[in-house]
2 protein chains.
Amino acid sequence: MPTFSKNEVVIFEEESIALPAGYRAGGMHCGLKRKKLDLGYIVSDVPATVAGVYTTNIFQAAPLLVTQESIAKENMIQAILVNSGNANACTGEQGLIDAFEIQKEFANELGIKEHLVAVTSTGVIGELLPMDRLKAGIKQILHEEHEDEANFKQAILTTDTCIKQIAVQITIDGKIVSIGGAAKGSGMIHPNMATMLGFVTTDANIAHEDLLYALKEVTNQTFNMITVDGDTSTNDMVLLMANGIADNNQLTKEHPDWDLFMNGLKVVCESLAKKIAKDGEGATKLIEVQVGGAFSTNAARAVGKAIISSNLVKTAIYGTDPNWGRIVSAIGYSGVPIEPNTLKVSIGAFPVFENGLPCPIVEADVKKYLELETIKILVELNQGEYNATAWGCDLTYDYVKINASYRT
Amino acid sequence: MPTFSKNEVVIFEEESIALPAGYRAGGMHCGLKRKKLDLGYIVSDVPATVAGVYTTNIFQAAPLLVTQESIAKENMIQAILVNSGNANACTGEQGLIDAFEIQKEFANELGIKEHLVAVTSTGVIGELLPMDRLKAGIKQILHEEHEDEANFKQAILTTDTCIKQIAVQITIDGKIVSIGGAAKGSGMIHPNMATMLGFVTTDANIAHEDLLYALKEVTNQTFNMITVDGDTSTNDMVLLMANGIADNNQLTKEHPDWDLFMNGLKVVCESLAKKIAKDGEGATKLIEVQVGGAFSTNAARAVGKAIISSNLVKTAIYGTDPNWGRIVSAIGYSGVPIEPNTLKVSIGAFPVFENGLPCPIVEADVKKYLELETIKILVELNQGEYNATAWGCDLTYDYVKINASYRT
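Residues numbered from 1 in each chain as written. Chains lettered and ligands numbered in written order. Predicted model: local features only at pLDDT ≥ 70, side-chain atom pairs only at ≥ 80, totals over all residues. Heavy atoms only, no water.

1. Considering the relation of the copies chain A and chain B
Basically, it comes down to this: In this comparison the copies share one frame, found by least squares on the C-alpha atoms of residues holding pLDDT of at least 70 in both.
Once chain A is rotated about the relating axis by 180° and shifted along it by 0.0 Å, it coincides with chain B to within an RMSD of 0.0 Å. Expressed as a symmetry operation, the mapping of one chain copy onto the other fits a two-fold axis. Closest approach to the rotation axis within chain A is made by the C-alpha atom of Y397(A), at a distance of 2.6 Å.

In structure tokens, the structure reads:
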């Protein structure tokens, strides 16, 4: 472990949910997918305070209903079970029965109360879970050979091309507090969390209401500011567990290190969100839109989301075309009252629109910038003091290819 | 001319804006595009009452500002001048000066007042109009060799692969009244009219306020219910001219044939809207979503637009994949409070979701249906008596190809 100074957030790019004290994780293949790992778990040594945020889609999948109902009992969980390959969504009464049964089976294996197990699913919509395979998997998954954080991160993936992980450490009350995260998500990603699962663990000591406040705040700035294709799925959720093993004085908004904790949590969630955006189906580039000078945070977010959601902007960036007109047009239909003459738009370091007019650009220079893997679009509205950042990806042939054939 | 009975709307698929009495149209190549026609006009023998609807994008292009200001003077125009190849958008003060100058030049050629000329542009954003070429074109365009409705329909196109036209005739007060339409639009098409130009002419006698009411009503049911890519452009407008030459008693909402006129206008606008959706950039199919049983018209429209705007639904249909889960998911995030258990969804004649559960389908049958050129998705909400129809197209490799390189 490196030493570090107060107020510092130390980042561990290769660590994840098992870095915080008292957590273990694992994964295996139980037969929902053809070959790849498809069942994973996170377990805390002791019950952990939990906060969750869930999809706004009206058709919430069965596991979301079961998990929310269970969490409502004590605001505590001790374990999370995830399967990929089948979303258990649009599966009616039987889907609910199945989700409850999985929860019970895994609780029995762990010897804990049922409502301390959160269940989550991702994959194809509208097919019942193959319960025999799942139950057989649950009986084996706690065996030592499956215990490996790396297995968990694999088991949660669907069309993802890579795992998404990060961890940080901060010092609170002289104790090292760790926060670790793993996520999946590639298509059906849109502000308000679409086919996206996020799992964040921490050993911090923090009460439920403050944990929930922190998660909601940070989610609005991170997971809710990414889009791949504008579709919001039935299964999204982010769960944040805090088991208190770091033994700091309980964190509240009044604690002197509250901001440091929020900052650490934001680093984790922003990193996961950007990794999801960058791994958007078929994507070749991460696009980051920074909006400043808005008259409200919501206005800044609306402008950022309009740009990052525009198929025309996304295809132009794929084609390394410095087509600023599409960016300006997206700002114009964002619903935010803009003053064209005070607007300034830059692509990377190149101003492209200012004082109501295009700026002279050397097209080849901007084109060269657009060949990079991370593209920044900067928007200054000059209307106020609020800002927001949104992330997305380019729209490519491969997006069409993946989604014209993959059955979600 | 065929004879027809009262209340009948007779459709002329091969006619357009010059069918109504007293209109002529033409087009030519003036040099905005490399080879194709790029300048067109419609002229009425006498000043015509006019109604217009315009883009909601804040960055309205210069010609829209000029046209709206001119129409506001008398609610009459006698001529429309259209150029393609350059949108005269995001061009600041000079763009406005140029638009006014074009208006003046064409008015001089016609010998009419400037404000009786509407000007419209479509094409690349952010470049000044090449005024020399445009002015040279305006001096020649009224020459006999350019007068041809077919030239007009060509001159307004950008990435369109075909012209869009239709005309109808109805009988009002024993007089034959004709309504003709031509439109362009292919990309940047979204509810609320994106890079879409629509021109509708009629020889009906109708007052301005009723004409505007009729156009707004019909636009909300037709042009505002199509989407290609969710982007709303800076230049959209639909202009409806009525020169009164048919000599019917002035149409008002109290006229016994008001509904017949509305019906005729709707047939024209719906046909043009569907042709635009079908010619969406890279599209291979027209998708029609019919939503019934909503508790309000707005709710029905929101559900229809959510489905038709979903990249995931659009790619699935391109891939002839009966992926009803994506349709249900889009309904779920439409913002309309849906009752999952009363929802019914069909793809063509095949029910796919009912009573909160997937319906058993023979996948090969639905797949075969999805190979057709027009795909219907039927949604019954069973919550009320309102309905709406939305149109769009599939999302294909060619959409990406066109937009990764074409500079709009």
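2. Concerning the interface of chain A and chain B
Applied cut-off: For this analysis, residues touch if any pair of their heavy atoms sits within 4.5 Å. When two parts are brought into contact, each loses some accessible area as probed by a 1.4 Å sphere; the total of that loss over both is the buried area. Salt bridge, as used here: a side-chain nitrogen of Lys or Arg that lies within 4 Å of a carboxyl oxygen of Asp or Glu. For this analysis, a polar contact is any N or O atom pair within 3.5 Å, provided that within protein one partner can donate a hydrogen and the other can accept it, and provided that sequence-adjacent residues contribute only side-chain to side-chain pairs. Comment: elements are numbered from the N terminus, with helices defined as DSSP H or I runs of at least four residues and strands as E runs of at least two. Residues are grouped as follows: Ala, Val, Leu, Ile, Met, Phe, Trp, Tyr, Cys and Pro are nonpolar; Asp, Glu, Lys and Arg are charged; every other residue, Gly included, is polar.
Each side of the interface is counted separately: chain A has 56 residues, and chain B has 56 residues. Roughly 4,400 Å² of surface becomes buried between chain A and chain B when both sides are summed, with 59% attributable to carbon and sulfur atoms. The interface formed by chain A and chain B contains zero salt bridges. The tally of links from chain A across to chain B stands at six residue pairs in polar contact (both at pLDDT 80 or more). Broken down by secondary-structure element, the contributors of at least two residues to the side of chain A that touches chain B are α8 (311-318), α9 (324-332), β13 (357-358) and α11 (397-405) of chain A. Taken together, the residues of the side of chain A that touches chain B sort by class into 27 nonpolar, 22 polar and seven charged.

3. A word on the UniProt feature "binding site: substrate" (unreviewed entry) in chain A
Heads up, the rule is: UniProt positions are given in the numbering used here, feature names are shortened, and annotations may be inferred rather than shown by experiment.
UniProt's feature table lists "binding site: substrate" (unreviewed entry) at T158(A), K184(A), T195(A), E281(A), N403(A) and T408(A), given in the numbering used throughout. Its place among the elements puts T158(A) in the loop between α4 (149-155) and β6 (164-172). The residue N403(A) is located in helix α11 in this model. Residues within four places of N403(A) in sequence aside, it is in contact with E281(A), L312(B), T315(B), A316(B) and R326(B).

4. Section: the state of the cysteines
Spelled out, the test is: Here, a disulfide means two cysteine sulfur atoms that sit within 2.5 Å of each other. The rule is simple: take the accessible area with a 1.4 Å probe, protein chains only, and divide by the maximum for that residue type; under 20% is buried, over 50% is exposed, in between is partly exposed.
Counted by the stated rule, this structure contains zero disulfides over all chains. In this structure C90(B) is not part of a disulfide, and its nearest cysteine sulfur, from C359(A), lies 11 Å away. Residue C90(B) is classed as buried on the basis of its relative accessible area, which comes to 11%. Note on C269(B): no disulfide assigned, nearest cysteine sulfur contributed by C162(B) at a separation of 17 Å.

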